[in-house]
Amino acid sequence: MNWPLFALISWILFGLELGFRDALRLGPTPIAPSFVVPFLVFVSISAPPNVLRIAALILGLVTDLTFPIELRDGGPSATIIGPYALGYLLASQLVLTLRSMMIRRNPLTVAFLSVLAAAVAQIVVVTMFTTRSVIGDPIDWHPTHELLTRLASALTCSVSGLVLSFVLLPLAPLLGLNIGLARRNPRRS
Amino acid sequence: MARSPTKFTLGRKALPIAVVLLLVLGLTPVRFIGWIGWFGTLTSTLIAPISQPFTALSRWLAPGKTATLDAPVVNALKEEIENWRTQFLRQQQENIKLQAIMEELYRLKSLNLDVPVRQVTAPVISASSDLSSGLLRVRAGEQHGVDLNTVAVASGLQLLGRVKSTSSRQCLVQPITSRSAGAIRGRVMMENPETRLLCQLEPVGNGTLRGPVFRPERSSVGDAAGPDTAALDAAAPEPAVGQTVRLDDDADRWPRHAQLLIIGKIERVDPNPDMPLRKIITVRPLLALDRVSEVVLRIAEEAAELREENSRAGKPGGEGKP
């Protein structure tokens, strides 16, 4: 894995996630496609298991750190590490399990797996925040509403996944990832 | 066999340790993990150079204005009218208040009601990575005099919200329409300025605020409805769609210089199923508050001076109450 290039792409995609994502939301709802999940999926379908776990943890940690949580009744905000890091880790494991059954270089693969990965990650996030609210943390949390809107957001990841796959798939060799694009015959060389 | 230095992998034990650590941190109560906020600010600072252009592009593509767009000159004039109207109303309110409490405060020589305010205009650099959080990250922080609970307004004296977290160069602003922002008390501006009608508004989560209206003779919306109060409600003027609602909350919750800033306009008036003599209004701000590209932070000069004195003395202090 080419980590400097990974960092550069992550930086740009987090810029989009923080700056541009809310322009794509459906009306006043928080339903909007993610830019980071398709990248996580792209890394997960092509990187070695150990590498993709590190990548998932990094992407999850950055997502957690850029998610300031509003506390109930106008209290000061808080930042929590864990929900997205664990969610992305589990999502990457899911992709790792499924990738042998997928055509890796097909953009539809990234789109389809982005939906599944985002859904798994959001279920973990909702579980952790629901646990927090049950044990008495002053967060304004409505589990059913959150789960439904987040699963709807996961569905919209198919669009961002499809669009981003056309950018990310050609970058695979530069990132040092194998998506089965160029398979040389050793006998010829 | 020696591992290549370019290969960066997780060891067999590292992954379970990381998962357990993340689980523990993910479930630790908020009051014990305040230190993580520093890393959050650092991360946002690193991402800000790329997120700010995307934010500007996003605001340009989908601007926050809900009203029809006028020419810049018309907008400027409208803003000026609102400014003068707010000042007039504030003075009027202060006069009424002064007349009522004149005797009580007679002994105090320095009332200092005319609070000077310094305004800091700052761009919104990013939203949250998770859209369930309505907080806006703004490029102005303690270096600019911003403190917890500093009031933020958008263009046209539209009340935006309050600062919920600050670092040296950035702060997080919570819009009043954010679900966690809590209740806010407003005043419905009737045609007759003598008539006062208050409302207790709660954010709904779709960019509006909703709540019952009541006469100021009641101390709050939750007062028991006796025969006298019922008569008061029956005699109360009716709120109407299109009327402006301005902030009229306790000075403990919102500073004096924020009073009578615009909360929004009444979008709907519904009957209250529990109390038929009262109405429930839905108020929509003049702008989509989560889509603003620039905010104006209003910092009371006295708080800034107090903060400077405290910083010289090495004590914490400032305008807001965390």
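Residues numbered from 1 in each chain as written. Chains lettered and ligands numbered in written order. Predicted model: local features only at pLDDT ≥ 70, side-chain atom pairs only at ≥ 80, totals over all residues. Heavy atoms only, no water.

Help me out: how do you make sense of the overall build of chain A in this one?
The helix and strand tally for chain A stands at seven helices and two strands. Sequence-ordered secondary structure for chain A, helices as α and strands as β, is α-α-α-β-β-α-α-α-α. Against the globule reference of 16 Å for 189 residues, chain A gives a C-alpha radius of gyration of 17 Å, in line with a compact fold. Principal axes of the C-alpha set define a box for chain A whose edges measure 70 × 30 × 30 Å. Residues counted as buried form 59% of the 189 residues belonging to chain A. Taking the contacts inside chain A whose residues are at least 6 apart along the sequence as the reference set, 71% of them involve residues at least 24 apart. (Helix = DSSP H or I, 4+ residues; strand = E, 2+ residues; numbered from the N terminus. Rg over C-alpha atoms; globule rule 2.2 N^0.38 Å. Buried < 20%, exposed > 50% of the residue type's maximum accessible area, 1.4 Å probe, protein only. Contact = heavy atoms within 4.5 Å.)

Please clarify how the nonpolar core should be interpreted in this entry.
One broad trend across soluble globular proteins is that nonpolar side chains are buried collectively. Among the nonpolar cores identified, the biggest contains 73 residues, and F39, F42 and Y88 of chain A are the most heavily contacted of them. Among the elements that take part in this core, helix α5 (residues 107–134) of chain A stands out by supplying 11 residues, more than any other. Those residues in contact with F39 of chain A, other than ones at most four positions away along the chain, are F6, I9, S10, L13, L59, L168 and L175 of chain A. Formed by 42 residues, the second largest nonpolar core is a distinct cluster that contains V188, C199, A258 and L287 of chain B. (Core = buried A, V, L, I, M, F, W, Y, C linked by side-chain atoms within 4.5 Å.)

I tried to follow the layout of surface pockets on my own but got confused; where do I start?
In this approach the atoms are scanned with a rolling probe the size of a water molecule, which exposes any empty space left behind. If you add up the space inside the largest pocket, you get close to 820 Å³. As for the largest pocket, its lining consists of 42 residues, of which R25 and P28 of chain A together with L131, G205 and D290 of chain B are closest to the centre. Of all the elements, helix α6 (residues 143–168) of chain A adds the most residues to the lining of the largest pocket, at three residues. (1 Å grid on protein atoms, 1.4 Å probe; cavity = no way out; pocket = protein on both sides within 12 Å on 5 of 7 lines; lining within 4 Å. Points joined across faces, edges and corners; volume = space filled by probe spheres on them.)

Looking at this structure, I do not really get the interface of chain A and chain B. What am I missing?
Buried accessible area, meaning the area lost when the parts come together, often serves as the stated size of an interface. The partner chain B presents 56 residues to the 58 residues of chain A that form the contact. Carbon and sulfur atoms make up 64% of the surface buried where chain A meets chain B, a total of about 4900 Å² over both sides. Considering only the side of chain A, the residues that lose the most area to chain B are W11, L18 and E70 of chain A, jointly responsible for 14% of the buried surface there. Linking chain A to chain B there are six salt bridges. (Buried area = accessible area lost by both parts, 1.4 Å probe. Salt bridge = Lys/Arg side-chain N within 4 Å of Asp/Glu carboxyl O.)

What is the right way to look at the confidence of the model for chain B in this model?
Predicted coordinates in areas of low pLDDT are best not read in detail. Residue and element names in this part refer to chain B. When the pLDDT values of chain B are averaged, the result is 77; 75% of them are 70 or greater. Note on residues 1–6: pLDDT under 50 across the span, and one contact to partners over four residues away in sequence or across chains. Here residues 105–113 is a poorly scored stretch, pLDDT under 50, and it has eight contacts once near neighbours within four places are set aside; other chains count. Here the complex is predicted with pTM 0.75, and the ipTM for its interfaces comes to 0.86. (pLDDT = per-residue confidence, 0-100.)

Could you clarify how one ought to interpret a nonpolar patch on the surface in this entry?
All names here are of chain B. Among the surface-exposed residues, W35, W38, F39, L42 and L46 lie close enough to one another that they form a single nonpolar patch of about 570 Å² accessible area. You can see L46 is positioned in helix α2 (residues 36–61). You can call L46 exposed: its relative accessible area is 57%. (Patch = residues over 30% accessible without salt bridge, like charges linked within 9 Å, V, L, I, M, F, W, Y side chains within 5 Å. Areas by Shrake-Rupley, 256 points an atom, 1.4 Å probe, with all protein chains shown as cover.)

Would you explain the pattern of salt bridges in this entry?
When the charged atoms of two side chains with opposite charge come close together, those side chains can pair. What the rule picks out here adds up to 16 salt bridges over all chains. D140 of chain A is paired through a salt bridge with R179 of chain B; the nearest N and O atoms lie 3.9 Å apart. Here D140 of chain A is found in the loop between α5 and α6, whereas its partner R179 of chain B is found in the loop between β5 (171–175) and β6 (184–189) on a different chain. Given the relative accessible area of 26%, R179 of chain B is considered partly exposed. Notably, a salt bridge pairs E238 of chain B with K279 of chain B, separated by 3.8 Å at the nearest N-O pair. Of this pair, E238 of chain B sits in the loop between α4 (227–235) and β9 (244–247) while K279 of chain B is found in strand β11 (residues 279–284), placing the two residues 41 residues apart along the sequence.

What's the story with the environment of L201 of chain B in this structure? I'm lost.
All names here are of chain B. Its place among the elements puts L201 in strand β7 (residues 196–203). Each C-alpha atom of the pair L201 and L98 lies 27 Å from the other, and the pair is 103 residues apart in sequence. Dropping the residues within four chain positions of it, L201 is found in contact with G182, A183, I184, L209, R210, G211, V245, I263, I281 and V283.

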